[in-house]
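Descriptive structure summary
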Amino acid sequence: MNIFNKHTDVSLKKYILNYKLKLVETRLKYTDLQFSEIAMELGFTDSSHLNKTFQSYKGMTIGAYKASISQ
């Protein structure tokens, strides 16, 4: 176990992914960027890759999440 894991109880890779997904939530709430623009900005392969990752993290697609916060 490395120093980062000892202090956070999570791997560096997972920590960075969780941080990126929090940024996705922020972008969806406060900007009108296209999903593909958000994916490119945050280093995902494409919007499909972002959508799959987001869905495993939040339990819903980015489209459903965007719709839920737009109400």
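Higher on the page you've got the structure.
Notes on the structure follow. Residue indices follow the written sequence of each chain, beginning from 1 at its first position. In keeping with the model being predicted, local features are shown solely for residues with a pLDDT of at least 70 and side-chain atom pairs are shown and tallied solely at 80 or more, while totals for entire chains, interfaces and linings include all residues. To get the side-chain values, take all heavy atoms of the structure and skip hydrogens and water.

Let us now look at the overall build of the chain. Helix and strand content of the chain: five helices and zero strands. Based on the C-alpha atoms only, the size of the chain along its principal axes is roughly 40 × 25 × 20 Å. Note on exposure labels: buried denotes an accessible area under 20% of the residue type's maximum, exposed denotes more than 50%, and partly exposed covers the range between, all computed with a 1.4 Å probe on protein chains only. Put simply, the chain has 71 residues, and 23% of those count as buried. Contacts were defined at the residue level, with two residues in contact if any of their heavy atoms lie within 4.5 Å. Sequence separation of at least 24 residues holds for 42% of the intrachain contacts in the chain that already meet a minimum separation of 6. What sets the accessible areas is the Shrake-Rupley method with a 1.4 Å probe; for residues, cover comes only from the shown protein chains. When the accessible surface of the chain is totalled, it reaches about 5100 Å², and 54% of it is carbon and sulfur. Put simply, the chain has 10 plus and 6 minus side-chain charges, and the middle of one group is 8 Å from the middle of the other. Secondary structure elements follow DSSP: runs of H or I no shorter than four residues count as helices, runs of E no shorter than two count as strands, and numbering proceeds from the N terminus. Working convention for charge: Lys and Arg count positive, Asp and Glu count negative, and His plus the chain ends are omitted. Lys charges are placed at NZ, Arg charges at CZ, Asp charges at CG and Glu charges at CD.

Secondary-structure assignment places Thr 53 in helix 4 (residues 47–58). The class for Thr 53 is buried, based on a relative accessible area of 13%. In this structure, Thr 53 is in contact with Leu 17, Leu 21 and Phe 44, ignoring residues within four places of it in sequence.

Before going further, it helps to spend a moment on unusual backbone geometry. Glycine aside, negative phi is the norm for most residues, and most peptide bonds take the trans geometry. Although it is not a glycine, Asp 9 adopts a positive phi angle of roughly 60°. Topologically, Asp 9 is positioned in the loop between helix 1 (3–8) and helix 2 (12–30). The class for Asp 9 is exposed, based on a relative accessible area of 71%.

Two elements in contact, helix 2 and helix 5 (residues 62–69), have axes whose closest approach is 9 Å; the angle formed by their N-to-C orientations is 50°. Between helix 2 and helix 5, the angle is such that the two are oblique. In the crossing of helix 2 with helix 5, the sense of the turn from one axis to the other is right-handed. In this structure, helix 2 contributes Val 24, Glu 25, Leu 28 and Lys 29 to the contact, and helix 5 contributes Ile 62, Tyr 65, Lys 66 and Ile 69. By residue class, the composition of the contact of helix 2 with helix 5 is five nonpolar, no polar and three charged. Here, axes are lines fitted to C-alpha atoms. For helices the fit covers the stretch in contact, and angles between N-to-C directions go from 0 to 180 degrees. Each angle is binned into one of four classes, with values under 35 degrees roughly parallel, values over 145 roughly antiparallel, values of 65 to 115 roughly perpendicular, and all other values oblique. Crossing handedness is read from the near helix: turned anticlockwise from the far helix by less than a right angle, it gives a left-handed crossing, and turned clockwise, a right-handed one. Amino acid classes used here: Ala, Val, Leu, Ile, Met, Phe, Trp, Tyr, Cys and Pro are nonpolar; Asp, Glu, Lys and Arg are charged; the rest, including Gly, are polar.

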